[in-house]
Amino acid sequence: MTLRKTLSSAVRGFGISLLVVVAGFPVYWLFTTATHTTAELFGGQVQWLPDLRRFLTSFTSATSGVPMLRWLSNSAVVAFGTTFLSLIIAILAAYALSRYRFRGKGVFGFALFATQMLPEALLVVPLYSIFLTFGLLDNLTGLVLSDTAFAMPVAVWILKSAMDGVSLEIEESARVDGCPRYAMLTQIMLPLIAPSIAAAAVITFFEGWNEYLFANTFITDEQKWPASKGLASFIGEFVTPLNHVMAAALMFTLPAIVFFLFVQRRIVSGLTAGSVKG
Amino acid sequence: MKERVDVTDVGTPTRTTPRALGTTPRGQRGRRLAPYLFIAAAAVYLLLLTGAPLLDGLWLSLTDTQLLNPTEGAFIGIHNYSSLFADAEFAHALVVTIVYSTATVLGSLTVGTVAAVAMNGAFRGRVLARAILTFPWAVPSVAAVLIFSWIYNKDSGVLNQALSSVGLAQHGWLVDPTWSLFAVTLASVWKVFPFVMLVVLAALQAVPEELYEAARVDGADAFNRFRTVALPFLLPTLRVTALLMTIWSFRRFEIIWLLTQGGPVGSTNSLVISVYREAFVNSELGRSAAMGVVGLVLSTIVTVIFFYVDRGAARKEAL
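What counts, and where the lines are drawn
- Residues numbered from 1 in each chain as written.
- Chains lettered and ligands numbered in written order.
- Predicted model: local features only at pLDDT ≥ 70, side-chain atom pairs only at ≥ 80, totals over all residues.
- Heavy atoms only, no water.
- Helix = DSSP H or I, 4+ residues; strand = E, 2+ residues; numbered from the N terminus.
- Buried < 20%, exposed > 50% of the residue type's maximum accessible area, 1.4 Å probe, protein only.
- Contact = heavy atoms within 4.5 Å.
- Areas by Shrake-Rupley, 256 points an atom, 1.4 Å probe, with all protein chains shown as cover.
- Polar contact = N/O pair within 3.5 Å; in protein donor to acceptor, adjacent residues only side chain to side chain.
- Expected span 1.5 Å × (residues − 1).
- Bend = angle between axes of the 7 residues up to and from the residue.
- Buried area = accessible area lost by both parts, 1.4 Å probe.
- Salt bridge = Lys/Arg side-chain N within 4 Å of Asp/Glu carboxyl O.
- Nonpolar A, V, L, I, M, F, W, Y, C, P; charged D, E, K, R; others polar.
- Core = buried A, V, L, I, M, F, W, Y, C linked by side-chain atoms within 4.5 Å.
- Phe/Tyr/Trp six-rings, centres within 6.5 Å; stacked < 30°, edge-to-face > 60°.

Trainee: When you look at the overall build of chain B in this model, what are you seeing that I'm missing?
Mentor: When helices and strands are tallied, chain B shows 12 helices and zero strands. Starting at the N terminus and ending at the C terminus, chain B contains elements arranged as α-α-α-α-α-α-α-α-α-α-α-α. Looking at the 319 residues of chain B, the share that counts as buried comes to 53%. The long-range fraction of contacts in chain B, counting pairs at least 24 apart against all pairs at least 6 apart in sequence, stands at 67%. Total accessible area on chain B is roughly 14,800 Å²; 66% of this is exposed by carbon and sulfur atoms.

Trainee: Sorry if this is basic, but what is going on with the overall build of chain A here?
Mentor: Assigned secondary structure in chain A consists of 13 helices and zero strands. Element order for chain A, N to C, with α for helix and β for strand: α-α-α-α-α-α-α-α-α-α-α-α-α. Residue pairs at least 24 apart in sequence account for 75% of intrachain contacts in chain A once pairs closer than 6 positions are excluded. Surface exposure of chain A reaches about 11,700 Å², of which carbon and sulfur atoms provide 68%.

Trainee: What exactly am I supposed to notice about the side chain of A:Asn74 here?
Mentor: Residue and element names in this part refer to chain A. On the secondary structure map, Asn 74 appears in helix H4 (residues 68-99). Given a relative accessible area of 3%, Asn 74 falls into the buried group. Within the structure, Asn 74 has its side chain in polar contact with the backbone oxygen of Gln 223 (distance 2.8 Å).

Trainee: Quick question: what am I supposed to make of the environment of B:Val304 here?
Mentor: Residue and element names in this part refer to chain B. Within the secondary structure, Val 304 sits in helix H12 (residues 285-318). Overall, the relative accessible area of 53% leaves Val 304 in the exposed class. In the structure, Val 304 is positioned 80 residues away from Asn 224 in sequence and 32 Å away in space, judged by C-alpha atoms.

Trainee: Is there a simple way to explain helix H1 (residues 2-34) of chain A in this structure?
Mentor: Residues spaced three or four apart along an α-helix face the same direction, because each turn holds 3.6 residues. All names here are of chain A. Taking 1.5 Å of rise per residue, 33 residues should cover 48 Å, and H1 covers 47 Å from first to last C-alpha, within 8% of that figure. By the largest-angle criterion, Phe 25 marks the main kink of H1, which is about 40°, and a proline, Pro 26, follows within four residues. Listing the buried residues of H1 in full gives Ile 16, Leu 19, Val 20, Ala 23, Gly 24, Pro 26, Val 27, Trp 29, Leu 30, Thr 32, Thr 33 and Ala 34.

Trainee: What is the right way to read unusual backbone geometry from this model?
Mentor: Negative phi characterises most residues that are not glycine, and trans characterises most peptide bonds. Residue and element names in this part refer to chain B. In this structure, Gln 261 takes a positive phi of about 55° despite not being glycine. When you line up the elements, Gln 261 lands in the loop between helix H10 (254-260) and helix H11 (271-280). One non-glycine residue, Ser 283, lies in the positive phi region at around 65°. Structurally, Ser 283 can be placed in the loop between H11 and H12.

Trainee: Looking at this model, I keep getting lost on the interface of chain A and chain B. Mind explaining?
Mentor: Reports often express the size of an interface as the amount of accessible area lost when the parts come together. Taken together, the 99 residues of chain A in the interface contact 96 residues of chain B. Between chain A and chain B, a total of about 8,800 Å² is buried, with carbon and sulfur atoms accounting for 75% of that surface. At the surface where chain A touches chain B, the tally comes to one salt bridge. Residues A:Glu120 and B:Arg251 are paired through a salt bridge, measuring 3.0 Å at the closest nitrogen-oxygen approach. Across the contact surface, chain A and chain B share 10 residue pairs in polar contact (both at pLDDT 80 or more). Considering every element that reaches the side of chain A that touches chain B, the biggest residue donor is helix H13 (residues 242-277) of chain A, with 21 residues. The residue makeup of the side of chain A that touches chain B, split by class, is 65 nonpolar, 20 polar and 14 charged.

Trainee: I tried to follow the pattern of salt bridges on my own but got confused; where do I start?
Mentor: Opposite charge on two side chains permits pairing when their charged atoms draw close. Following the criterion strictly, the structure yields six salt bridges over all chains and no others. The partner of A:Glu171 in a salt bridge is A:Arg99, and the shortest N-O contact between them spans 2.7 Å. Residue A:Glu171 is found in helix H8 (residues 168-176), and its partner A:Arg99 is found in helix H4; the two are separated by 72 residues along the sequence. B:Arg287 serves as the salt-bridge partner of B:Glu278, at 3.2 Å between the closest nitrogen and oxygen. On the accessibility criterion, B:Glu278 (9% relative accessible area) is buried. Assessed through its relative accessible area of 17%, B:Arg287 is described here as buried. Linked by salt bridges that have partners in common, B:Asp87, B:Glu278 and B:Arg287 make up one network.

Trainee: For this particular structure, what's the right way to read the nonpolar core?
Mentor: Note that soluble globular proteins tend to have their nonpolar side chains buried in a common cluster. Grouped together as the largest cluster of nonpolar side chains are 195 residues, with contacts concentrated most on A:Met68, A:Met152, A:Leu159, A:Ile193, A:Phe218 and A:Leu231. Of the residues forming this core, the biggest block, 16 residues, is contributed by helix H7 (residues 180-204) of chain B. Among all residues touching A:Leu231, those that are not within four sequence positions of it are A:Met68, A:Trp71, A:Val245, A:Ala248, A:Ala249, A:Phe252, B:Val142 and B:Leu146.

Trainee: Please explain the environment of B:Leu47 as it appears in this structure.
Mentor: Looking at where B:Leu47 falls in the secondary structure, it is placed in helix H1 (residues 28-60). According to the relative accessible area criterion, B:Leu47 is exposed, its value standing at 58%.

Trainee: What should I look at first to understand the side chain of B:Thr185 in this one?
Mentor: Note that B:Thr185 resides in helix H7. Apart from residues lying up to four places away in sequence, B:Thr185 is in contact with B:Tyr100, B:Ala103 and B:Thr104.

Trainee: Looking at this model, I keep getting lost on the packing of aromatic side chains. Mind explaining?
Mentor: How two aromatic rings sit relative to each other is given by the distance of their centres and the angle of their planes. According to the stated counting rule, one finds 36 aromatic pairs over all chains in the structure shown. Relative to A:Tyr28, the ring of A:Phe25 lies with its centre 6.4 Å away and its plane at 45°, an arrangement referred to as tilted. Here A:Phe25 and its partner A:Tyr28 are both found in helix H1, three residues apart, which amounts to about one turn of the helix. Owing to a relative accessible area of 22%, A:Phe25 belongs among the partly exposed residues under this scheme. Classification of A:Tyr28 by relative accessible area gives partly exposed; the value is 30%. By the ring-pair criterion, three or more aromatic residues cluster together here, those being B:Phe148, B:Tyr152, B:Trp173, B:Trp179, B:Phe182 and B:Trp190.

Encoded structure:
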């Protein structure tokens with residue numbers, strides 16, 4: 001019995017280590033590659049460990065040859081815009097879905113879910129002609145608008161499932177205390193679901209931060225590229241040294257990792273909860 | 001029989017069922033209007049930014065519109081569709097899509113569930129391990145592609161170097177049509193499995209501890225405890241997750257496009273890649289839109305099947 005126990009815990013330990021290595025290795029590799037010169041990288045010898053002395057120089061040279069900082073700040077503009085627009089729209093819609101019964105609720109919920117089935121590759125051409133008409137091409141506002149179309153429904157799910165968790169009695173007692181109906185959402189509900197708002201904010205932020213297809217199609221001016229398009233331009237291009245590319249990719253990745261770690265759980269419960277009921 | 005687990009209740013096991021506020025007699029008219037005011041912005045937004053382009057796409061698919069002359073397309077009926085179904089390349093793209101999606105969904109469900117079960121118990125370093133296991137999900141797709149194309153690099157990539165150091169054969173992971181779809185699928189599974197893990201982990205925490213105890217007393221080993229105790233609880237969650245994973249796989253663009261552009265020789269050319277190439281490389285907007293519509297129909301069919309299965313399973317469990 002004890003032997004079996006030791007054996008099963010050894011198997012378990014091995015399995016966990018394997019998973020951690022497989023999941024973490026590419027990120028480790030991104031970091032390690034960023035700290036080696038191309039001569040070392042292509043010299044036929046695998047550089048397993050990062051060269052920490054070269055850490056800072058890689059970063060500074062990654063930002064010198066290309067407008068990487070400019071691209072990152074463009075990404076930040078798109079990401080903040082997407083977050084702001086998505087949250088305002090989503091908070092209102094989520095409140096209706098959570099607190100009211102109304103005709104058309106099912107259709108509305110389905111329309112939200114349907115956005116997850118739409119291939120962006122199908123919408124990109126019609127959106128291009130719409131944006132052309134309204135002068136939104138080569139314009140970061142246009143990207144905010146198209147990214148919000150995909151980010152906002154996800155925010156609605158997260159917020160709706162959080163609002164469902166708030167007991168109705170709280171709102172009822174607030175009403176008895178004289179809180180006007182229109183203030184119910186802003187003064188009672190929103191403070192109670194603040195953590196989920198943060199989760200929705202992070203996920204919408206990174207929808208804008210990571211998005212590539214629309215950015216690639218709508219933005220041609222290199223000064224206006226977001227970092228996703230800027231980084232993708234290094235693929236298949238052999239002028240920029242690989243370690244600089246990797247350092248740039250690391251700068252693009254780190255904020256995402258840090259933010260996601262904080263809010264992962266709430267995102268998940270919202271996504272699965274909302275996708276069915278809408 | 002046991003009560004059916006509410007699929008929509010993942011992660012919020014203690015939530016109260018909301019009663020609609022609009023049922024009180026006071027201020028009937030305002031109550032009835034209020035929800036529509038609340039959803040107005042979202043509804044208008046969806047109509048303009050997804051509804052209108054979708055209709056436009058449907059219309060485009062019935063025309064012979066070219067990229068360089070986008071306003072001069074003529075109505076040609078279902079010609080694009082009939083030409084697609086006579087096209088062997090398009091049939092191949094459908095096969096690639098189905099193989100890629102099936103492999104990605106099964107792979108990520110398996111790895112994600114195993115990871116969730118492993119993370120569910122207590123052990124030292126659990127918080128750190130869990131954080132690392134969520135990394136792939138957080139890494140932006142474009143960055144993930146940069147890393148993987150370097151790892152897969154034929155001559156200097158770490159994968160081939162490691163394989164040859166243990167005496168295994170090297171492969172041109174992204175340039176050899178035998179391996180390219182496998183390599184793309186592997187990168188995709190790496191990217192999406194943490195989502196499954198987090199969802200299943202949340203669901204596992206809702207499994208009553210007494211049931212595990214009872215199974216342990218009955219002498220069931222770890223695998224059987226999982227199969228008989230946890231799995232029935234997980235099934236509804238797994239079904240929803242499988243649905244999301246499938247429709248996301250159908251439309252996944254960046255990872256495939258940036259790793260291989262659908263090549264070599266069409267071996268990773270999925271439906272969305274064809275849609276994009278037909279529009280922006282071959283300039284055939286009409287034909288591209290028709291392909292996109294076929295993809296959308298596929299996703300819809302899958303969604304309907306999933307809901308049907310879900311309801312069937314619910315009925316069976318309720319008996």
